Amino acid sequence: MDRYFVDFRSDTVTKPSIEMRDAMFRAFVGDDVYGEDPTVNELQEYAAQLFGKEAALFCTSGTQTNQIAINIHVKPGGEVICHEESHIYKYEGGGIAKNSGASVRLLQGSRGRLTASEIEKWIMPDDVHFPVTQLISLEDTANRGGGAVYDFQEIEAIAHLAKSKNIPLHLDGARIFNALAVNGVEIKRYAAAFDSISICLSKGLGAPVGSLLVGTKEFIHQARRVRKVMGGGMRQAGFLAAAGMFALKNHVSRLPEDHDKAKQLESVFLTCDWVESTLPVETNILVVILKEELKRDHYIQKFGELGVKVSAFGPGMIRLVTHLDISSEDMVYTIEQVKKI
Ligand SMILES: *Cc1c(COP(=O)(O)O)cnc(C)c1O
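The rules we used
Residues numbered from 1 in each chain as written. Predicted model: local features only at pLDDT ≥ 70, side-chain atom pairs only at ≥ 80, totals over all residues. Heavy atoms only, no water. Helix = DSSP H or I, 4+ residues; strand = E, 2+ residues; numbered from the N terminus. Rg over C-alpha atoms; globule rule 2.2 N^0.38 Å. Buried < 20%, exposed > 50% of the residue type's maximum accessible area, 1.4 Å probe, protein only. Contact = heavy atoms within 4.5 Å. Areas by Shrake-Rupley, 256 points an atom, 1.4 Å probe, with all protein chains shown as cover. Core = buried A, V, L, I, M, F, W, Y, C linked by side-chain atoms within 4.5 Å. UniProt positions renumbered as here; feature names shortened; annotations may be inferred. Domains from an automatic or database assignment. Buried area = accessible area lost by both parts, 1.4 Å probe. Salt bridge = Lys/Arg side-chain N within 4 Å of Asp/Glu carboxyl O. Polar contact = N/O pair within 3.5 Å; in protein donor to acceptor, adjacent residues only side chain to side chain. Nonpolar A, V, L, I, M, F, W, Y, C, P; charged D, E, K, R; others polar. Near = heavy atom within 4 Å. Pairing = 2+ DSSP bridges. Right-handed = clockwise from strand over helix to strand, strands pointing away.

Here the focus is the overall build of the protein chain. Looking only at helices and strands, the protein chain features 14 helices and 13 strands. Taken over the C-alpha trace, the protein chain has a radius of gyration of 20 Å; the compact-globule value for 341 residues is 20 Å, and the two agree within 12%. Expressed as lengths along the three principal axes of its C-alpha atoms, the size of the protein chain is roughly 60 × 50 × 35 Å. Looking at the protein chain as a whole, 55% of its 341 residues are labelled buried. Residue pairs in contact within the protein chain that sit at least 24 positions apart in sequence constitute 73% of those at least 6 positions apart. A total accessible area of about 15,300 Å² is found for the protein chain, and carbon and sulfur atoms account for 52% of it.

It is worth spelling out the nonpolar core at this point. Counting 52 residues, the largest nonpolar core has I119, I136, L138 and F177 as its most contacted members. When sequence neighbours within four positions are dropped, the list of residues in contact with I119 reads I81, L107, L114, I136, L138, I158 and L161.

Below, the discussion takes up the UniProt feature "domain: Aromatic amino acid beta-eliminating lyase/threonine aldolase" (unreviewed entry) in the protein chain. UniProt records the feature "domain: Aromatic amino acid beta-eliminating lyase/threonine aldolase" (unreviewed entry) for residues 7–290 in the present numbering. The span residues 7–290 carries 41% helix and 17% strand; its end-to-end C-alpha distance comes to 20 Å.

Segmentation of the protein chain into domains returns domain 1 (18–250) and domain 2 (254–340). Relative placement of domain 1 and domain 2: their C-alpha centres are 28 Å apart. Of the roughly 1,400 Å² buried at the junction of domain 1 and domain 2 (both faces included), carbon and sulfur atoms supply 52%. In this structure, E282 and R111 form a salt bridge, with 3.7 Å as the shortest nitrogen-oxygen distance. Taken together, the links from domain 1 to domain 2 amount to 6 residue pairs in polar contact (both at pLDDT 80 or more). Considering only residue class, the side of domain 1 that touches domain 2 consists of 6 nonpolar, 9 polar and 4 charged.

Every residue close to the ligand is listed here: S61, G62, T63, N66, H87, E139, D172, A174, R175, C200 and K203. Measuring from an oxygen atom of the ligand, one finds a side-chain N or O atom of T63 at 2.6 Å. A distance of 2.6 Å separates a nitrogen atom of the ligand from a polar atom in the side chain of D172. Relative to its free-state accessible area of 380 Å², the ligand is covered by the protein chains to the extent of 83%. Residue composition of the shell around the ligand, grouped by class: 2 nonpolar, 5 polar and 4 charged.

Counting buried positions along strand β6 (residues 169–173) gives 5 out of 5 residues, so the element sits mostly inside the fold. Side-chain alternation along β6 places L169, L171 and G173 on one buried face and H170 and D172 on a second face that is also buried. Across 4 bridges, the pairing between strand β5 (residues 133–139) and β6 is parallel. Within β6, the residue paired with E139 across the bridge is D172. Between the parallel pair β5 and β6, the chain is carried across by helix α7 (residues 152–164), and the sense of this crossover is right-handed. Here β6 runs beside strand β7 (residues 196–200); their pairing, made up of 4 bridges, is parallel. By the bridge assignment for β7, G173 is matched with I199.

Attention now goes to the pattern of salt bridges. A complete count under the given rule lists 15 salt bridges for this structure. A salt bridge links E79 to R105; the shortest N-O distance between them is 3.8 Å. Here E79 is found in strand β3 (residues 79–83), whereas its partner R105 is found in strand β4 (residues 103–107), with 26 residues between them in sequence. The salt bridge partner of E85 is K90, with a shortest N-O separation of 2.9 Å. Assessed through its relative accessible area of 38%, K90 is described here as partly exposed. Through salt bridges with shared partners, a single network forms among E85, K90 and R144.

Below, the structure is given as structure tokens:
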């Protein structure tokens with residue numbers, strides 16, 4: 001038996017519960033490349049309905065759903081407008097260049113978020129010198145913003161701008177349900193702002209594997225082809241889709257618990273004399289800014305020795321992410337350790 005520890009490194013570390021495993025075990029399956037897996041089909045139809053979109057596609061990861069969407073929206077030589085710290089640019093292995101041959105216009109913005117006025121400045125006019133702006137991509141919640149949530153009015157302004165310029169708008173909604181739990185916007189109304197949305201089932205929702213891409217029928221038809229080319233055509237994927245279905249039905253409404261836990265941890269960290277400040281918690285991500293920037297790895301190691309796994313976020317910053325495998329006992333234990341440091 002491994003030693004007891006609490007894992008705050010990411011909300012991807014969750015393991016399927018007994019009930020989720022049971023749903024996986026019982027799943028009816030078929031060959032999904034032939035479109036014959038009933039559980040995958042059920043998940044895709046459920047997701048499309050939930051988001052008020054025509055169709056959905058079950059994929060292997062959030063990187064894959066983002067990369068598929070970019071590949072469809074953009075032609076080689078085109079340009080994607082996104083935040084300089086967005087996942088699609090920073091954490092997908094150079095995929096925009098490699099898979100789609102597109103360039104990026106990286107914008108700065110408060111806590112991972114963009115504004116319509118900033119984007120507007122960088123939409124290129126039709127001139128042979130300039131790359132053609134072919135996609136605008138947002139992230140909500142914004143990971144590098146410490147789980148910051150967009151103001152929906154800003155999203156509406158960006159959507160309006162995108163439409164007026166005839167540029168598609170993609171959402172990296174890896175943590176979209178965390179955002180919706182905070183902004184309170186009705187899900188179909190929110191989704192209507194975007195042409196395509198990527199949704200992670202394996203983060204806060206607790207499924208072991210999988211992401212969904214939603215959009216029009218025609219878009220998803222193309223996505224199916226791109227997914228196959230990227231090696232993501234899965235066969236009896238219904239076992240995984242069953243976990244995703246279980247997650248969507250059972251683990252969305254509990255997300256505010258994770259947000260409460262992150263806020264609780266934040267208030268404890270703010271009492272420590274070695275903590276400078278935090279990026280104010282909005283959802284399930286807590287970024288702690290240390291007084292001694294160069295001692296970050298020392299703190300991470302110290303936490304590790306005490307059985308609390310945290311991750312590096314940037315110079316002088318550590319990150320803790322709350323998720324459904326953090327119990328109230330884990331919280332009590334963690335708070336004791338934080339006070340010991
Ligand atoms: C985790 C994450 C993804 C997808 O990651 P995968 O590990 O490929 O599933 C995409 N965008 C954001 C913002 C993320 O945090």
